[in-house]
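In case you want the letters, here they are:
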Amino acid sequence: MKHLISPLDLSVEELDHILCLGQDIMKNPEKYSHVCEGKKLATLFYEPSTRTRLSFEAAMLNLGGKVLGFSSADSSSAAKGESVADTIRVISSYADICAMRHPKEGAPTVAAMHSEIPVINAGDGGHNHPTQTLTDLITIKTLMGRLDNMTVGMCGDLKFGRTVHSLINAMVRYPNVRFILISPTELMIPDYLRKEVLDANNIEYIETNDLEKFMPELDILYMTRVQKERFFNEEDYIRLKDSFILDAAKMEYAKKDMYVLHPLPRVNEIATEVDNDPRAVYFKQAKFGVYVRMALIMNLLGLD
Ligand code: NCD
């Protein structure tokens with residue numbers, strides 16, 4: 001039985017297969033509308049979500065399957081003190097596959113250890129978010145036709161942003177990908193990523209707080225919000241939250257064929273005037289997330 005807890009649980013070949021399947025689903029959705037008939041997906045969300053949970057549910061419904069689940073810890077037995085291990089033991093007999101989001105790093109790993117069905121990590125604390133990474137990769141691959149030979153700028157909260165951590169982990173495996181890591185000093189990437197992922201793989205990267213300076217070099221600009229819920233005090237959040245705001249004036253510095261991605265939700269970090277720029281693809285990206293989750297569900301259930 002396969003789980004998806006970290007982006008590295010998929011080899012580059014498996015990843016490529018899922019992305020290609022996602023692209024085929026995008027072109028011929030009707031071909032796949034019955035493949036999960038009789039199957040159920042449980043969404044176990046202990047933390048707020050809009051896109052991830054609903055795109056998982058839409059994905060399973062599009063495949064002809066059914067969905068069940070909860071969308072907050074308060075409305076589950078976690079509020080009564082039930083452990084993740086006990087919950088997943090029970091859910092294993094109610095559903096065929098599950099997606100779990102949890103504020104604690106490692107909770108989906110614990111779930112996978114006690115589960116009889118595939119567990120998908122839909123975000124664990126500030127750690128990983130592998131299905132957002134699948135969404136980001138299918139977006140880049142579909143729009144640019146490649147995942148190698150590019151300069152990727154990542155801007156905002158690189159310390160707590162789990163989507164950033166997972167995307168770096170996944171992209172270092174493609175040749176000649178270079179990173180420009182743009183953040184305030186307090187929100188730079190965690191040390192383990194710098195040492196164990198970037199340095200260990202001899203990846204070229206620059207850490208800076210100057211977005212405008214590096215804008216002309218970027219092929220992708222991955223914007224992120226400052227992760228309010230992971231701060232220990234509100235003053236720091238307020239001081240840092242508007243460190244970078246992408247607006248039409250800054251977009252003037254960018255290449256004509258650069259793309260702006262954002263996992264969403266957006267707060268202030270992208271001015272709404274940028275939405276009409278053809279290089280702003282974050283809403284398209286959210287749409288692609290459904291196709292790639294359809295491909296992932298099929299893969300983990302052995303239906304591809
Ligand atoms: C992200 C997350 O939950 O980490 N959202 C998402 O799943 N698209 C990004 C965020 O919350 O900032």
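Residues numbered from 1 in each chain as written. Predicted model: local features only at pLDDT ≥ 70, side-chain atom pairs only at ≥ 80, totals over all residues. Heavy atoms only, no water.

**Brief notes about the packing of aromatic side chains**
Summed over all chains, the structure comprises four aromatic pairs. Ring plane angle 55° and centroid distance 5.4 Å describe the contact between phenylalanine 160 and phenylalanine 231, whose orientation is recorded as tilted. In this pair, phenylalanine 160 sits in the loop between strand S5 (150-155) and helix H6 (162-171) while phenylalanine 231 sits in the loop between strand S8 (220-223) and helix H9 (234-240), placing the two residues 71 residues apart along the sequence. For phenylalanine 160, a relative accessible area of 15% corresponds to the buried category. The exposure class assigned to phenylalanine 231 is buried, which follows from its relative accessible area of 15%. Ring plane angle 70° and centroid distance 5.8 Å describe the contact between phenylalanine 231 and tyrosine 237, whose orientation is recorded as edge-to-face. In this structure, phenylalanine 231 and tyrosine 237 share a single accessibility class: buried. Clustering of aromatic rings is evident, with ring pairs tying together Phe160, Phe231 and Tyr237. Above the ring of phenylalanine 56, the side-chain terminus of arginine 293 is found at 5.0 Å from the ring centroid. (Phe/Tyr/Trp six-rings, centres within 6.5 Å; stacked < 30°, edge-to-face > 60°. Helix = DSSP H or I, 4+ residues; strand = E, 2+ residues; numbered from the N terminus. Buried < 20%, exposed > 50% of the residue type's maximum accessible area, 1.4 Å probe, protein only. Lys NZ or Arg CZ within 6 Å of the ring centre and 35° of its normal.)

**Re helix H1 (residues 12-27)**
Along its 16 residues, H1 runs 23 Å from first to last C-alpha, staying within 8% of the 22 Å computed at 1.5 Å per residue. Among the residues of H1, Leu15, Ile18, Leu19, Leu21, Gly22, Gln23 and Ile25 are the ones counted as buried. Buried residues belonging to H1 abut helix H5 (130-144) and helix H11 (282-300). (Expected span 1.5 Å × (residues − 1). Contact = heavy atoms within 4.5 Å.)

**Some details on the sheet that holds strand S3 (residues 97-102)**
Ordered in space as S2-S1-S3-S4, the four strands form an open sheet in which the pairing is parallel. The sheet terminates laterally at strand S2 (66-70) and strand S4 (119-124), the two strands that pair on one side only. Neighbour to neighbour, the strand axes of the sheet diverge by 15° on average, direction disregarded. For strand S1 (residues 40-45) and S3, the ladder comprises five bridges, and the chain directions are parallel. By the bridge assignment, leucine 44 is partnered in S3 with methionine 100. Sheet strands touched by helix H2 (residues 51-62): S1, S2, S3 and S4. Its angle to S1, the strand with the most contacts, is close to 175°. (Pairing = 2+ DSSP bridges. Axes fitted to C-alpha atoms, helices over the stretch in contact; angles between N-to-C directions.)

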